[in-house]
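# Descriptive structure summary
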Amino acid sequence: MKRLALAVAALASLAAACSPPKYAVYRSVFDDYTASVPWGWKVTAEAQHADFAQVLFVGPFDPDFFLGEPSLSVRWYRDYRAHHLPGGALEMYSGPDDFIRQTLAGVYGRDAVLYGAGRRQDGGRPIIDAPQDLTLKGSGLTAKFFIVMSPAPAPADFHYGLETGADGKPVNMRMHAYAVVPVGEGFYVLCYPATKRGFEKHLHDFEALIGSFRPLTAGPGGPPVRLPARATAAR
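Residues numbered from 1 in each chain as written. Predicted model: local features only at pLDDT ≥ 70, side-chain atom pairs only at ≥ 80, totals over all residues. Heavy atoms only, no water.

### Points about the side chain of Thr34
For Thr34, the position within the fold is in strand S2 (residues 33-38). Since its relative accessible area comes to 15%, Thr34 is described here as buried. When near neighbours in sequence (up to four residues on either side) are disregarded, Thr34 contacts Tyr26, Arg27, Ser212, Phe213, Arg214 and Leu216. (Helix = DSSP H or I, 4+ residues; strand = E, 2+ residues; numbered from the N terminus. Buried < 20%, exposed > 50% of the residue type's maximum accessible area, 1.4 Å probe, protein only. Contact = heavy atoms within 4.5 Å.)

Structure follows, in structure tokens:
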């Protein structure tokens with residue numbers, strides 16, 4: 001019996017030792033930043049010269065998310081440089097504030113509600129009028145942080161993550177979190193595009209991403225980034 005107990009304990013210890021970590025340190029394929037991302041999530045990347053780049057991290061199936069998958073993304077935009085969207089249209093931003101203004105107006109519209117970081121004593125999130133300044137733990141840089149909630153009509157062939165609107169029709173209640181980080185002559189956009197019903201499930205993963213985000217260069221192939229002294233000392 002004692003030998004059996006020891007064998008079981010050894011197997012349990014081996015299983016614990018082989019358990020994958022919660023996060024992996026990801027170094028961008030464009031060699032411009034590092035960050036902690038969920039272990040085992042799929043990674044895809046694209047770039048258009050040095051003006052735009054995107055890395056998308058996609059998690060396992062979850063019916064509480066639109067498209068049935070949670071995701072996180074890191075995008076790079078160079079100021080005043082246009083790039084092509086998948087449908088062929090162009091987008092361009094003069095800087096972080098212009099990105100936020102265009103995104104809130106063009107993507108979410110007048111019905112959007114902005115929330116800040118943290119929680120109130122009643123468990124809800126503070127409603128804000130404008131994005132908040134947030135110091136990123138891993139880099140010491142200042143980001144513009146906000147959470148936006150906004151309904152969108154659900155396409156006919158989509159079924160995941162949806163809710164029923166006041167008119168009885170299915171609606172995609174978007175709840176997306178952003179951290180917009182100015183770096184040199186451009187900016188990074190870290191995004192967690194969730195639904196209201198799935199938002200809390202991977203918010204901690206987004207917090208780990210933005211907390212650990214450390215730009216190495218100002219975009220792919222850009223000049224090296226000089227971080228605040230306290231962040232450099234913490235390496």
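Having seen the structure, we can now continue with the description.
### Here's the deal with helix H3 (residues 203-212)
The buried fraction of H3 is high, at 7 of 10 residues. Restricting attention to buried positions, one finds in H3 the residues Leu203, Asp205, Phe206, Ala208, Leu209, Ile210 and Ser212.

### Remarks on the sheet that holds S2
Pairing is antiparallel across the open sheet formed by 3 strands, whose spatial order is S1-S2-S14. Both outer strands of the open sheet, strand S1 (23-27) and strand S14 (214-215), are each paired with one neighbouring strand and no more. Note that S2 and S14 share 2 bridges and pair antiparallel. Along S14, the bridge assignment pairs Tyr33 with Pro215. Strand contacts of H3: S1, S2 and S14, with the helix running at about 165 degrees to S2, the strand carrying the most contacts. (Pairing = 2+ DSSP bridges. Axes fitted to C-alpha atoms, helices over the stretch in contact; angles between N-to-C directions.)

### Considering the confidence of the model for the chain
Confidence in the prediction of the chain, expressed as mean pLDDT, is 89, and 89% of residues score 70 or more. Contacts of residues 1-16 to residues separated by more than four positions or lying in other chains number 0 contacts, the stretch itself having pLDDT below 50. (pLDDT = per-residue confidence, 0-100.)

### Brief notes about the environment of Arg81
By the secondary structure assignment, Arg81 is in the loop between strand S5 (71-78) and strand S6 (83-84). Sequence separation between Arg81 and Tyr93 is 12 residues; the distance between their C-alpha atoms is 7.2 Å. Every residue in contact with Arg81, bar those within four places of it in the chain, is listed here: Asp51, Glu91 and Met92.

### Quick look at the nonpolar core
Of all hydrophobic cores here, the largest spans 38 residues; its most connected members are Phe57, Tyr188, Leu190, Tyr192 and Phe206. Looking at this core, the elements that each hand over two or more residues are S2, strand S4 (52-58), S5, strand S10 (142-153), strand S12 (170-183), strand S13 (186-195) and H3. Looking at this core, the element that brings in the most residues is S12, giving 6 residues. Each residue touching Leu190, except ones within four places of it in the same chain, is listed here: Ser73, Val74, Ala177, Tyr178, Ala179, Val181, Phe206, Leu209, Ile210 and Phe213. (Core = buried A, V, L, I, M, F, W, Y, C linked by side-chain atoms within 4.5 Å.)

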